[in-house]
Amino acid sequence: MNLHEYQGKEILASHGVRVQRGYVANNAEEAVAKAKQLTAETGTGWHVIKAQIHAGGRGKGGGVKLAKNLEQVQEIAGQIIGMDLVTPQTPPEGKKVHKVLVAEDVYYPGESETSEFYMSVLLNRGKGRNMIMYSTEGGMDIEEVAEKTPHLIFTEEIDPAVGLQGFQARRIAFNLGLSGDAFKDMVKFVAALYDAYVGADASLFEINPVLKTSDNKILAVDAKVVLDDNALFRQKAYAEMRDIREENPIEVEAKEVGLNYVDLDGNVGCMVNGAGLAMATMDLIKHAGFEPANFLDVGGTADAKRVETAFRIILKDPNVKAILINIFGGIVRCDRVAQGVVDAYKNMGDSIKVPIIVRLQGTNAEIAKELIDNSGMPILSAVEFQEAADQVKAALS
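Residue indices follow the written sequence of each chain, beginning from 1 at its first position. Note on the predicted model: pLDDT of at least 70 is required for a residue's local features to be given, and 80 or more for side-chain atom pairs to be given and counted; whole-chain, interface and lining totals, by contrast, use all residues. The basis for every side-chain value is the complete set of heavy atoms in the structure, and neither hydrogens nor water enter the calculation.

Trainee: What is the right way to read the pattern of salt bridges from this model?
Mentor: Two side chains with opposite charge may pair up if their charged atoms get near one another. Each reported salt bridge corresponds to a side-chain nitrogen of Lys or Arg within 4 Å of a carboxyl oxygen of Asp or Glu. As enumerated under the stated definition, the model contains 22 salt bridges in all. Between Glu-247 and Arg-242 there is a salt bridge; the shortest N-O distance is 2.8 Å. Using a 1.4 Å probe on the protein chains alone, a residue whose accessible area is under 20% of its type maximum counts as buried, one over 50% counts as exposed, and one in between counts as partly exposed. Glu-247 sits in the partly exposed class, given a relative accessible area of 27%. Measuring nitrogen to oxygen at the nearest pair gives 3.6 Å for the salt bridge that ties Lys-316 to Glu-253.

Structure, rendered in structure tokens:
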């Protein structure tokens, strides 16, 4: 589950991480009021207006701007709220901005130069350990840094048995070239950041940039946070932070009816039971020269109602030109699934305007094939994996 920047900063602050302070606003007038409040509390004279969407690269798209007075706060907030913000991480049409974060200016002059760093905490799936990835090249796309200057990216792996150790936090501060008060503050920052990552059951905390201020304080200027959906049952407060306006509406609808659905960019809809078989089916579609339009796992109860719901979800994608149903009858009998497909097709009438290819293997697979072949419905049946791929190819040729 993705969070907005202001929500991520709330979690960080609750674990003792120093953050760039700010308040969220839903309109231009509220932004001015929050700017006045922020000035009274922090003394900041300038304010940074940040669009709140689930995407990076907001500054490049015009979603992060500096306001030097209250008139500019109102003007900039009015421009950003309601705009369709296009960034390298949004769809081509962009994402509508519903709110902004009015934040304090932390790049004030002082005894030393400011410095920007990159830091993230995430899971190294290859080794089954959390790791901290960091770089002196903060404020830049980390992918670009990795490609052009990989020697400037450092990693610190965390032993799950003992957690983050003090020497590791000190090594991070040293590798970032810090000394004195900034070194000490970075050690505290790293420890608190890792504590927030573990405490929130997160799968990613990315801070870009981490700022060393002119008076040698370390703070998070930005926060990209992704929480593990599987742990939300024990993170009730964080679960309430979900903003479904930022999510794919088809995925939201599928989740509400208990379907595991992920929207993709292809033209062949998939309806499968079991994640492993779903992945194999997607590979099959690509091998046949096409692209899967979705990942959809209907689970073990593929009755008529569930199949019909899955059909309706898949067909909400206008790019779908064919649907491949690939079911292994282990827990569920193939004939029951076949009857469900036929009944769903009858119930939906003329709303299904694309070819349907059904491959059923397992318990009562032969009976299932007969049911489909004798249904009178324009449904193509297959027995073998390759046969199903050939049917898809023929239907789309």
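Once you've had a look at it, read on.
Trainee: Teacher, can you tell me more about the sheet that holds strand S6 (residues 100–104) here?
Mentor: Whether parallel or antiparallel, the strands of a sheet pair through hydrogen bonds between backbone atoms. Paired strands, in this sense, are two strands between which DSSP finds at least two bridges. Helix and strand assignments come from DSSP, with helices taken as H or I runs of at least 4 residues and strands as E runs of at least 2, each series counted from the N terminus. Spatial strand order, S1-S6-S2-S3: four strands in an open sheet with antiparallel pairing. The open sheet terminates on both sides in strands that have one partner only, identified here as strand S1 (22–25) and strand S3 (64–67). With direction set aside, neighbouring strand axes in the sheet form an average angle of 25 degrees. Pairing between S1 and S6: four bridges, direction antiparallel. Residue pairing in the sheet places Tyr-23 in a bridge with Val-102 of S6. Contacts are residue-level and defined by heavy atoms, with any inter-residue pair within 4.5 Å sufficient. Axis geometry follows a simple rule: fit a line to the C-alpha atoms, using only the stretch in contact for helices, then measure angles between N-to-C directions, giving values from 0 to 180 degrees. Against the sheet, helix H1 (residues 5–14) makes contact with S1, strand S2 (47–51) and S6, and its axis sits at roughly 50 degrees relative to S6, the strand it touches most. Of the strands in this sheet, S2, S3 and S6 are in contact with helix H3 (residues 70–80), which crosses S3 at around 165 degrees.

Trainee: Mind showing me how you'd approach the packing of aromatic side chains here?
Mentor: Two descriptors summarise a pair of aromatic rings, namely the distance from one centre to the other and the angle between the planes of the rings. Between 30 and 60 degrees the pair is tilted, below 30 it is stacked and above 60 it is edge-to-face, where a pair is any two Phe, Tyr or Trp rings, Trp via its six-membered ring, whose centres lie within 6.5 Å. A complete count under the given rule lists three aromatic pairs for this structure. Ring geometry for Tyr-134 against Phe-154: centres 5.3 Å apart, planes inclined by 20 degrees, an arrangement best described as stacked. Of this pair, Tyr-134 sits in strand S8 (residues 129–135) while Phe-154 sits in strand S9 (residues 153–158), placing them 20 residues apart in sequence. An aromatic cluster is present here, built from Tyr-194, Tyr-197 and Phe-205 joined pairwise through their rings. Positioned above the aromatic ring of Phe-385 is the side chain of Arg-359, whose terminal nitrogen or guanidinium carbon lies 4.7 Å from the ring centre. Here, a charge over a ring is recorded when the distance from Lys NZ or Arg CZ to the ring centre is within 6 Å and its angle to the ring normal is within 35 degrees.

Trainee: What should I look at first to understand the state of the cysteines in this one?
Mentor: In a disulfide, the sulfur atoms of two cysteines are held together by a covalent bond. Disulfides are defined in this document as cysteine sulfur pairs within 2.5 Å. Under the definition given, this model contains zero disulfides. Just so you know, Cys-270 is unpaired, no disulfide at all, and the nearest cysteine sulfur is the one on Cys-334, 18 Å from it.

Trainee: Please clarify how unusual backbone geometry should be interpreted in this entry.
Mentor: Among all residues except glycine, the phi angle is most often negative; among peptide bonds, the trans geometry is most common. Of note, the bond from Asn-208 into Pro-209 is cis; its omega dihedral lies within 30 degrees of zero at 10 degrees. Within the secondary structure layout, Pro-209 lies in strand S10 (residues 202–212). A positive phi angle, near 65 degrees, is found at Asn-216, a position not held by glycine. The residue Asn-216 is located in the loop between S10 and strand S11 (218–220) in this model. For Asn-216, a relative accessible area of 18% corresponds to the buried category.

Trainee: Sorry if this is basic, but what is going on with the pairing of S2 here?
Mentor: When you tally the buried positions in S2, you get five out of five residues, the bulk of the element. In S2, alternate side chains face the same way, and those of His-47, Ile-49 and Ala-51 on one face and Val-48 and Lys-50 on the other are all buried. Pairing geometry for S2 and S6, over five bridges, is antiparallel. Along S6, the bridge assignment pairs Val-48 with Ala-103.

Trainee: Would you mind going over the domain arrangement of the protein with me for this structure?
Mentor: Much of the literature gives interface size as the accessible area that the parts lose upon coming together. The assigned domain composition of the protein is domain 1 (1–19 + 110–245), domain 2 (21–105) and domain 3 (249–396). Annotation comment: domain bounds sourced from an automatic or database domain assignment. For domain 2 and domain 3, the distance between their C-alpha centres works out to 44 Å.

Trainee: Whenever I open this one, the UniProt feature "domain: ATP-grasp fold succinyl-CoA synthetase-type" (unreviewed entry) in the protein confuses me. Can you help?
Mentor: Mapped onto this structure's residue numbering, the UniProt feature "domain: ATP-grasp fold succinyl-CoA synthetase-type" (unreviewed entry) falls at residues 2–210. Within residues 2–210, the helical portion is 35% and the strand portion 26%, while the C-alpha atoms at the span's ends are 20 Å from each other. UniProt positions are given in the numbering used here, feature names are shortened, and annotations may be inferred rather than shown by experiment.

Trainee: Please explain the nonpolar core as it appears in this structure.
Mentor: Generally speaking, nonpolar side chains in soluble globular proteins are found buried as a group. Working definition of a nonpolar core: buried Ala, Val, Leu, Ile, Met, Phe, Trp, Tyr and Cys residues. They are joined through side-chain atoms within 4.5 Å. Leu-12, Met-119, Ile-132, Met-186, Phe-189, Phe-205 and Leu-227 are the most contacted members of the largest nonpolar core, which has 41 residues in total. Looking at this core, the element that brings in the most residues is helix H6 (residues 180–199), giving 10 residues. When near neighbours in sequence (up to four residues on either side) are disregarded, Leu-12 contacts Val-17, Val-19, Leu-193, Ala-196, Phe-205, Ile-207, Ala-220 and Ala-223. Within the second largest apolar cluster, 34 residues are counted, among which are Ile-325, Val-341, Ile-352 and Val-354.

Trainee: Which parts of the structure should I look at to understand the environment of Ile-313?
Mentor: Looking at where Ile-313 falls in the secondary structure, it is placed in helix H10 (residues 304–315). As a C-alpha pair, Ile-313 and Leu-259 span 54 residues in sequence and 9.3 Å in three-dimensional space. Ignoring sequence-local partners within four residues, the contact set of Ile-313 consists of Ile-250, Glu-253, Ala-254, Leu-259, Tyr-261 and Leu-296.

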